[in-house]
Amino acid sequence: MAQAQARPGEPAATIVPEPARKGIALKVNGESFVHVGDPAMPLLWYLRDVLRLTGTKYGGDRSGVDLVLVEGKAVSAQSLPMSALAGKRVRTVEGLTGEAGALHPLQQAFIDEDAIGCGYCTGGWLIAAVELLARNAHPTDEDIDRLPVLCRCGCHTRVRRAIKRVAGAHA
Ligand code: FES
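All values derive from a computational prediction rather than experimental measurement.

(A) Structural context of the layout of surface pockets. One number sums up the size of the largest pocket: a volume of about 150 Å³. Looking at the largest pocket, the residues that line it are K27, N29, G30, L69, E71, G72, R89, V90 and R91. With 3 residues, the top contributor of residues to the lining of the largest pocket is strand 5 (residues 89-91). Split into classes, the residues belonging to the lining of the largest pocket amount to 2 nonpolar, 3 polar and 4 charged.

Given below as structure tokens:
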């Protein structure tokens, strides 16, 4: 058992080491990782501070800027603890690009439709749209408006067009 350094005149304090953590194994964008830190750490901090994947943003409740895909479902990375991710596959906005950095069709459509203002919400839209198109190949404007992402730059109309452009291409 390790002992803390005591100041002169003070009794030596005993440090009880934490039991070794087994680690939480997960895949992020196809790569395997083991998180050995605090199991309560939100996924968002793990992505941004440990893996340096900063495309997923911090936002207020239901802003949608922190969306990632976990097993194909769009979820809030800031409200998901690492303990919930053992054995799971996570895909972030960085993981949408293909071989040699080829843009995902949605990324290209957002560029083509000028659907990016400041860009803070863009990753959230892209993740939400990937999930939407996986379950609904022909979304309506109302389907798109129900996506849980807020754009404070007012890009909603152009976001609709970008998502429908990809849906149309797959028709
Ligand atoms: Fe700025 Fe959406 S592009 S918040």
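The discussion continues.
(B) The arrangement of the pattern of salt bridges in detail. Scanning the entire structure with this criterion turns up 10 salt bridges. For D141, the salt bridge identified is with R160, shortest N-O distance 3.8 Å. In this pair, D141 sits in helix 4 (residues 141-145) while R160 sits in helix 5 (residues 156-169), placing the two residues 19 residues apart along the sequence. One continuous salt-bridge network, built from bridges that share partners, spans D112, E113, R161 and R165.

(C) Molecular detail of the nonpolar core. Residues L106, F110, W125, L147, V159 and I163 are the most contacted members of the largest nonpolar core, which totals 29 residues. Listing elements by their share of this core, those giving two or more residues are strand 3 (67-70), helix 2 (105-112), helix 3 (122-135) and helix 5. Sorting elements by how many residues they give to this core places helix 3 first, with 8 residues. Apart from the residues lying within four places of it in its own chain, the contact partners of W125 are F110, I144, L147, V149, C151, H156 and V159. By size, the runner-up hydrophobic cluster in this structure holds 15 residues, among which are Y46, L51, A77 and V90.

Criteria and cut-off values
Numbering of residues starts from 1 in each chain and follows the order in which that chain's sequence is written. For a predicted model such as this one, the threshold for reporting local features is a pLDDT of at least 70, and the threshold for listing and counting side-chain atom pairs is 80 or more; totals across whole chains, interfaces and linings nevertheless cover every residue. Note: side-chain values were computed over all heavy atoms of the structure, leaving out hydrogens and water. A cavity, in this analysis, means grid points on a 1 Å lattice covering only the protein atoms where a 1.4 Å probe fits yet has no way out; a pocket is instead an open set bounded by protein on both sides within 12 Å along at least five of seven lines, and a residue lines either one if it has an atom within 4 Å of a point. Grid points are joined across faces, edges and corners, and a volume is the space filled by probe spheres set on the points. Here a helix means four or more residues in a row that DSSP labels H or I, a strand means two or more in a row labelled E, and each is numbered from the N terminus. Only Asp, Glu, Lys and Arg are considered charged, only Ala, Val, Leu, Ile, Met, Phe, Trp, Tyr, Cys and Pro nonpolar, and every remaining residue, Gly among them, polar. Salt bridge, as used here: a side-chain nitrogen of Lys or Arg that lies within 4 Å of a carboxyl oxygen of Asp or Glu. Joining through side-chain atoms within 4.5 Å is the link that ties buried Ala, Val, Leu, Ile, Met, Phe, Trp, Tyr and Cys residues into a set, and such a set is a nonpolar core. Note on exposure labels: buried denotes an accessible area under 20% of the residue type's maximum, exposed denotes more than 50%, and partly exposed covers the range between, all computed with a 1.4 Å probe on protein chains only. Residue contacts are counted whenever heavy atoms from the two residues lie within 4.5 Å of one another.

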